[in-house]
Amino acid sequence: MMKRLTLSLILLLGTLYGIQAQETYYEKHVAFPADATAAQKLDMAARLVPTPQQLEWQQMELTAFLHFGINTFTGREWGEGTEDPAIFNPTELDCEQWVRALKEGGFKMAIITAKHHDGFCLWPTKTTKHSVASSPWRDGKGDVVRELRNACDKYGLKFGVYLSPWDRNAACYGDSPAYNQFFIEQLTELLTNYGEVHEVWFDGANGEGPNGKKQIYDWDAILKTIRRLQPKAVTAIMGDDVRWVGNEKGIGRETEWSATVLPPGCYSRSGEVNKELGIGNMSKDLGGREVLARANELFWYPSEVDVSIRPGWFYHAAQDKEVKSLVHLTNIYFQSVGYNSVLLLNIPPDKRGLIHENDVERLKELSTYLKKTFSVNRLLKGDMPWQAVSGDVKEYELQKNSLINTFLIQEDIAKGQRIEAFTVEALTADGWTTVGEGTTVGYKRLFRFPAVEATRLRVTIKSCRLQANILSVGAYYAAPLQEKEEARALSDLPVNEWKTVTPGAANAIDGNPATAWRTNKLTPLVVDMGKAQDITGFCYAPATGDDKSGIIYKYRFYVSLDGKKWTECTCDGEFSNIMHNPVPFFVRFGQKYRARYFKLEPLVEINNESKVTVGEVGILIH
Ligand code: FUL
C-alpha cells in the first residue's frame, strides 16, 4: 500500500511539475542482458511496443481472407499442382461485389490467395505458365489480383497477399536456391505492380511428408524483399510481425500476450529456443511471468485468428448450407478480437467469381449485430484514459436504467502490454457483485456475463507490470442469440445395421464422432453394410478433442460385394489440411459403385506415425 502511495505521489508530482520521466521503449524485439533478473525482464517486457505498422494492423480488428483459385473449380482444399489451367473460368467474376460485401461487413482489409499450394497464380506472372494467363478466363488477359486491388481502392479497403511458399507445381521446388529465387521473383511482382500492400501472408503448411521434396527457404532474403518494396506491410505467419494463433477454429487465448517469448518461425533459432523453453505456437501461455523469467529475449508478435466462414477454406457448393451461424461468428469475434487478436475471417468466392448470397447475408447480420451491440457505451466517461498500478480501482457511473452483459477494456499498446489480472464488479440492487475476471488485456479484451441492471461499475487492476495505460472501458448490452447451426449428417445411410469386419472398430460406425476407434497400426477399416447398395462417396470424421494423433492424411477407398474381391474407388486420396482443420471430410467419387462392404485404407498418418483414429465413417448415396 505504502509503495503504491509513494509511486502515485511521484507520478502526480511528475505530472504537476512537467518533469515526466523519459520512458525507455523497445520496438518489436528486446534481448535481455545475460545477468538480467526476473524483475528486470518484467520491466523490459512492459516496455516492448509494436512497430507503427503492427499497431495499425492491430487497430483494424476485422480482416478478410479470400481463398480463390484452382481449388474453387476442383472441389479440393489442396490442389496437386497438375491441374489444367483451362478449368479456371469464373463466369461472373466481380471483385467489387466481394469488396462491397466485406466493407458492409465491417472488414478493413482483404487478403487474396494470389498463389495457393497448387502453384496456380491469380495474376499473369512472368515466373510460370501455371497462371490465369493460361486460362480461358477473360481470354487469358485477366488479372484477379489487379481487379481486387482496384476494388479495394474504390471502396477504401486495405489490400494484402497470400503467397504460398509450398508449391506443388513449380519444378524447382525443393531445389532450394532456385526456388528461393523463383519465389522472390513472384513476391517482387506482387509487391511492385499492385500499389500498397498491407499484409504479406506466408503459410507454414507443407504436406510433402518425410519422403517428399525438402525446400530450405531463405527467409532472410524474403523478408528483406518485403521491407524494401513494401515498408508498411506486416509479414504474417512465416513472417515476423504477425503470429498464427495456433488453430483454424477461430479461437484465441484468454491469456494472450502480444509481447511473447515465442520467436517467429522464420528465425533460424526458433526451433532451438522453443525446445529450451518447452513452448510452441499452440502453447497456452506465451508471455507470463514464469516463462518470461526463463527467456532470453522477447518479441512483439501479436496473434491473428484465421478461420473460414465455411468448413473449408475454398468454396464448395456442398457447403452452402454450412456457412457459420451468427451465434458461431459472434463467439469467434469475442474469442478473437475480444482476446487481443485480429480476426482474419475467410469468405471464399464461388465458381461464378462471386461471394455466395448465404455468406453475404451472414456478413451483414454480423456487422448489424456488432454495430448494435457496441453503439452505446453505457459507462459515463468510459473513454477517459487512466493509469493504474497493481491494486488500483476505478469506479464508473452508468447511464440510467442500464441493462448490461458485455464488458470492454483496452490498453494503450503503443506504451506496451502490461495488465496481468483484473476484476469487474457491478453495483446492482443487491449491492456489488463480481461480473467477471480476466488476465491479459492488450489492445482489446471483451467478455460477456449474465445481464444485470447496474448503476455503477468498478474495475480493479489486480496485477500489472509498471503502470498500466488504460485507454478505454465500456459496458454494453448484447442481445442474446439463438443457435441455428445444425451439424451436417455424416452418413446418408443409417449406420445402426452395419458391422465392422475389422475387430474392435465399432466406435468408427456408432453414429457418434466423439467416440473414436484408435489403433496403433495403419489398420484398414472394413465395414459390412449388410446389403448391396449404390454409393457415391463417403465421409471421414476425425476424432474430436485435442488428441490429434492417428488422423489419416492419405488413404485409399475400396468397395466390394463379397468382402473378398475389392474395387478401388476414384477419389483424390488425400484429406488436405486435415491436421489444422480437422473437420469431417465428404469425399465424392464422381460415379456410383455397387457395394455391400467398404474399406478405408490409411496410407499416411498426419505425423507419419503408425496409428489410426477414426471418429466416424459414413456413406454418401446422393
Ligand atoms: C493452411 C492451408 O493449408 C490452408 O489451405 C489455408 O490456406 C489456411 C489459411 O492455411 O495452412
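Basis of the calculations
- Residues numbered from 1 in each chain as written.
- Predicted model: local features only at pLDDT ≥ 70, side-chain atom pairs only at ≥ 80, totals over all residues.
- Heavy atoms only, no water.
- 1 Å grid on protein atoms, 1.4 Å probe; cavity = no way out; pocket = protein on both sides within 12 Å on 5 of 7 lines; lining within 4 Å.
- Points joined across faces, edges and corners; volume = space filled by probe spheres on them.
- Helix = DSSP H or I, 4+ residues; strand = E, 2+ residues; numbered from the N terminus.
- Nonpolar A, V, L, I, M, F, W, Y, C, P; charged D, E, K, R; others polar.
- Pairing = 2+ DSSP bridges.
- Near = heavy atom within 4 Å.
- Polar contact = N/O pair within 3.5 Å; in protein donor to acceptor, adjacent residues only side chain to side chain.
- Areas by Shrake-Rupley, 256 points an atom, 1.4 Å probe, with all protein chains shown as cover.
- Sits in = over half its atoms within 2 Å of the grid points.
- pLDDT = per-residue confidence, 0-100.
- Contact = heavy atoms within 4.5 Å.
- Salt bridge = Lys/Arg side-chain N within 4 Å of Asp/Glu carboxyl O.
- Buried < 20%, exposed > 50% of the residue type's maximum accessible area, 1.4 Å probe, protein only.

Here we take up the layout of surface pockets. Of the volumes computed, that of the second largest pocket is approximately 1000 Å³. In terms of lining residues, the second largest pocket is bounded by 48 residues, among which D203, G204, A205, N206 and H580 are the most central. Looking at the lining of the second largest pocket, the elements that each hand over two or more residues are β9 (243–244), α9 (270–277) and β25 (585–605). Partitioned by chemical class, the residues of the lining of the second largest pocket number 25 nonpolar, 17 polar and six charged.

Looking now at the sheet that holds strand β2 (residues 29–31). Taking strand neighbours across the sheet as the criterion, the three strands line up as β2-β11-β10 in an open arrangement whose pairing is antiparallel. Here the strands that pair on one side only, and so sit at the sheet edges, are β2 and β10 (259–260).

The environment of the ligand is made up of F65, H67, W78, H116, H117, Y162, D203, A205, E248, D306, W313 and N577. Contact distances for the ligand include 2.9 Å between an oxygen atom and a side-chain N or O atom of W78. H116 is positioned with one of its side-chain polar atoms (N or O) 2.9 Å from an oxygen atom of the ligand. Coverage of the ligand by the protein chains reaches 98% of its 290 Å² of free accessible surface. Placement of the ligand is best described as lying within the second largest pocket. Per-class residue counts for the shell around the ligand are five nonpolar, four polar and three charged.

On to the confidence of the model for the chain, then. The share of residues in the chain with pLDDT of 70 or more is 97%, and the mean pLDDT across the chain is 95. For residues 1–19, every residue scores under 50 in pLDDT, and the model assigns this stretch eleven contacts once sequence neighbours within four places are set aside.

Per the stated rule, a full pass over the model turns up 42 salt bridges. D220 serves as the salt-bridge partner of K224, at 3.0 Å between the closest nitrogen and oxygen. With a gap of four residues between them, K224 and D220 both fall in helix α8 (residues 219–229), about one helical turn apart. Residue K224 is classed as exposed on the basis of its relative accessible area of 53%. For the salt bridge of D240 with R227, the shortest nitrogen-to-oxygen distance reads 3.1 Å. In this pair, D240 is assigned in the loop between β8 (234–237) and β9 and R227 in helix α8, connecting sequence segments 13 residues apart. On the basis of relative accessibility, which here comes to 6%, the residue D240 falls in the buried class.

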